[in-house]
Structures are given as structure tokens and as C-alpha cells.
Amino acid sequence: MAYDIIVVGNGPAGLSAAVQAKARGKKVLVVGGAPSDIQLAKAGLVRNYLGMPDLSGAEMMERFRSHAREMGAELRTGRVLGVMPLGEFFLVSIGSEVEEAGAVVLATGVSYGAKLPGEEQFLGRGVSYCATCDGMLYRNKDIVVVGRSAQAPEEANYLQKIGCRVTYVSNGPRPAELSGEIPYRTAARLEVVGGQTVTALKADGEEIPCAGLFLLRAAASPVDLVPGLAADGPYVQVDRNMATSIPGLFAAGDCVGQPLQISKAVGEGMIAGHRASEYVDQHKKG
Ligand SMILES: Cc1cc2nc3c(=O)[nH]c(=O)nc-3n(C[C@H](O)[C@H](O)[C@H](O)COP(=O)(O)OP(=O)(O)OC[C@H]3O[C@@H](n4cnc5c(N)ncnc54)[C@H](O)[C@@H]3O)c2cc1C
């Protein structure tokens, strides 16, 4: 077997799984996008990670990567196109290559869906996907919440409670859960507008001035990667051991569900790496 464990995804969950598996003596390959493509690298200061309140997203990712590398994990840049469970082992297609592993950890994060014009440009400079992470930065400021998920109204209420002046924009009727104190606008065509940072959301041609824009979407399903993998809504279904519905396949981090935060991803990655290592030990031949 070329690898004991292949980890799909090089964010906090995947690197945590790799560190744990290396600590348990496993041969580990981590496959993921270029470091500059990692969403967390676009974050400014990450204030809610225990013991490291002064690091930017990019600095934190560099530390996570170095740690995994120093532990002996192989980090490869590439895109996994499919994971094929074959009973005793897995075949993992990475671009035009195929690798074998005894167990696989899925840590692909979430896809944030079709992007709005200007969204990528202002990500981390006014555009946020996480109310809990970034809400405090916008206290006493005008913000817009673009609600595209069932939980978005609750998140908007939370932002209002901590002192943000919220306008809620969506393309359907006003959600019943949304606080009566929050102004609501219906719009279908949206565009992020700004200079150095976000200054407004253009909604059906009309600008709504704001310092921050929260794009709260449902996650896209990562289950397309593995045939027959059970889903829990848009997320991968797992148990408390981070085991999926397929023996030997584990999952961790944003791809298994809310809250979409680093600490949770790292904790779940640790469990997935530990359980995947045990799985390999139990199923090793000879
Ligand atoms: C701008 C921004 C600011 C944030 N700020 C905070 C914050 O302050 N505090 C906080 O707790 N959280 C914050 N978050 C959320 C945090 O980044 C995520 O919760 C965390 O990164 C999830 O880790 P993960 O490993 O599950 O997924 P990710 O970090 O998304 O990593 C998944 C990786 O897998 C790769 N991948 C996906 N599919 C494949 C494939 N098929 N083949 C190979 N590679 C693949 C992706 O390219 C990606 O690099 C922020 C997010 C953003 C975007």
C-alpha cells in the first residue's frame, strides 16, 4: 500500500488529521489546493482560536502546514476528483494520477456556491461568511446580511443583538424567524461594491451602503466525490468517531456541518486522524 491514510483537503481539519495520524506512525498524504487558494488564508486576524489571538489566517495556516510537514506528512498540491472504496483499500484519483490508501479522511471544507460579482475581491475586506467569527468587527456599523440558508435569519438576529445595524436581503419572502427590528429587502441581482473595503451592496441596481457584508449560504454537498456516501443535508454524515457511512472513510471540519470554525475543524480532524489510524491497524494484513 502506497499510503496508510490519504487526507483530502489541506485546511485546518485535514492538517490536524495528518498530524494525529503521523503521531500514530502512519504514512500520510495530504492533497489540497495551493496555499493561496485556502479560504482561511484570506482572513484578517483570527480572534477566536484558543491561545493564538494575534495571528492572521495566513499565519495560522502556515503554522498548521509547517507542523504537518515537520511531523512527516507529505503535502501535495492537487485536486482529488474521486475516492473509490474497494473494500480492503481505497483508490484516490488526484488529477491524472491514482494513489492507494488503507483509509481516507475527507476534509474538503464547504463550497460557498456561485460567487457574487466583487465577492472574491472583497473577501476578508468587508465580505464575510461567518457571523460568529467577524460580527464583533462591525459593532455600531451598517452591515448587510444576504440570507441564502435556513440559519441566516438567526445569524442576522445575533448580529443585531451584538450591536450591528443590520439590513437583511434575500430573494424570497421575509423569513418568519427574522427579528421585526431588522429591515428587509427583496432583490435578485446582487453585486459587492467598494474601494479599499466594502462600501455597499448593489441590490437590483440600488446601493445599500454598508461596512460589512455577510453572505450566509447553505453549503454545497461534498458527497459527489465518493459514490454511495450518505449525506446529512448538504454535509457528509458522520458519527462521533467521524466515521462516514463507508468503512474506512472518515470526514471532519466544515464538510460535516456547523459551526464552520477552525477550533471545531481541528478537533474533528484530530478524531478522524486517530480513528483512521486505528482502522488501518485493525485491517492491516499479516
Ligand atoms: C474570510 C474567512 C474568515 C474566517 N475567519 C474565521 C475566524 O476568525 N475564526 C474561525 O474559527 N473560523 C473562521 N473562518 C472559517 C474557517 O476558515 C473554517 O471553519 C475552517 O477553515 C474549516 O476548516 P476545514 O479544514 O474543514 O476546511 P477548509 O479550511 O475550507 O479547507 C478545505 C481545503 O480542502 C481543499 N479541497 C476541497 N476539495 C478538494 C478536493 N477535491 N481535492 C483537493 N483539495 C480539496 C480546499 O481547497 C481547501 O483548501 C473564516 C473563513 C473565511 C473564508
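Reading guide: rules and limits
- Residues numbered from 1 in each chain as written.
- Predicted model: local features only at pLDDT ≥ 70, side-chain atom pairs only at ≥ 80, totals over all residues.
- Heavy atoms only, no water.
- Helix = DSSP H or I, 4+ residues; strand = E, 2+ residues; numbered from the N terminus.
- Rg over C-alpha atoms; globule rule 2.2 N^0.38 Å.
- Buried < 20%, exposed > 50% of the residue type's maximum accessible area, 1.4 Å probe, protein only.
- Contact = heavy atoms within 4.5 Å.
- Areas by Shrake-Rupley, 256 points an atom, 1.4 Å probe, with all protein chains shown as cover.
- Lys, Arg positive; Asp, Glu negative; His and termini not counted.
- Charge placed at Lys NZ, Arg CZ, Asp CG, Glu CD.
- Near = heavy atom within 4 Å.
- Polar contact = N/O pair within 3.5 Å; in protein donor to acceptor, adjacent residues only side chain to side chain.
- Nonpolar A, V, L, I, M, F, W, Y, C, P; charged D, E, K, R; others polar.
- Domains from an automatic or database assignment.
- Buried area = accessible area lost by both parts, 1.4 Å probe.

Looking at the overall build of the protein
- Along the backbone of the protein there are five helices and 17 strands.
- Relative to a compact globule of 286 residues, whose C-alpha radius of gyration would be 19 Å, the protein shows 20 Å and is just as compact.
- Seen along its three principal axes, the alpha-carbon backbone of the protein occupies a region of about 65 × 40 × 35 Å.
- In the protein, which comprises 286 residues, the proportion classed as buried is 49%.
- Relative to all contacts within the protein whose residues are 6 or more apart in sequence, the contacts with residues 24 or more apart total 54%.
- When the accessible area of the protein is evaluated, it comes to approximately 13,400 Å², of which 51% is carbon and sulfur surface.
- Averaging the locations of the 28 positively and 30 negatively charged side chains of the protein gives two centres separated by 3 Å.

Description of the site of the ligand
- Asn10, Ala13, Asn48, Val80 and Asp254 are the nearest of the 30 residues found near the ligand.
- Pro12 is positioned with one of its backbone polar atoms (N or O) 3.2 Å from an oxygen atom of the ligand.
- Here Ala13 contributes a backbone N or O atom positioned 2.9 Å from an oxygen atom of the ligand.
- If the ligand stood free it would expose 1,000 Å²; the protein chains cover 93% of that surface.
- Counting only elements with at least two residues in the shell around the ligand, the list comes to α1 (12-23), β2 (28-32) and α5 (262-283).
- Tallied by class, residues from the shell around the ligand come to 16 nonpolar, twelve polar and two charged.

A look at the domain arrangement of the protein
- Parsing the protein into structural domains produces domain 1 (3-111 + 219-283) and domain 2 (127-217).
- Inter-centroid distance (C-alpha atoms) of domain 1 to domain 2 is 31 Å.
- Taken together, the contacts link six residues of domain 1 with seven residues of domain 2.
- Summing both partners gives a buried area of about 430 Å² for domain 1 against domain 2, and 40% of it is carried by carbon and sulfur.
- Linking domain 1 with domain 2 are zero residue pairs in polar contact (both at pLDDT 80 or more).

Here we look at the environment of Pro175
- Structurally, Pro175 can be placed in the loop between β9 (165-170) and β10 (184-186).
- It is 42 Å that separates the C-alpha atoms of Pro175 and Val92, two residues lying 83 residues apart in sequence.
- The contact partners of Pro175, leaving out residues within four places of it in the chain, are Pro153, Tyr168 and Tyr184.

Remarks on unusual backbone geometry
- Residue Pro259 is reached from Gln258 by a cis peptide bond, and omega for that bond is -10°.
- Position of Pro259 relative to the elements: it lies in the loop between β17 (249-251) and α5.
- Phi at Asp204 is positive, roughly 50°, even though this residue is not glycine.
- Tracing the backbone through its elements, the reader meets Asp204 in the loop between β12 (198-203) and β13 (206-209).
- Its relative accessible area of 35% is what places Asp204 among the partly exposed residues.
- With phi around 60°, Met242 is a residue other than glycine that occupies positive phi space.

Quick look at the side chain of Ser16
- Within the fold, Ser16 resides in helix α1.
- Classification of Ser16 as buried rests on a relative accessible area of 12%.
- Apart from the residues lying within four places of it in its own chain, the contact partners of Ser16 are Val266, Gly269 and Met270.

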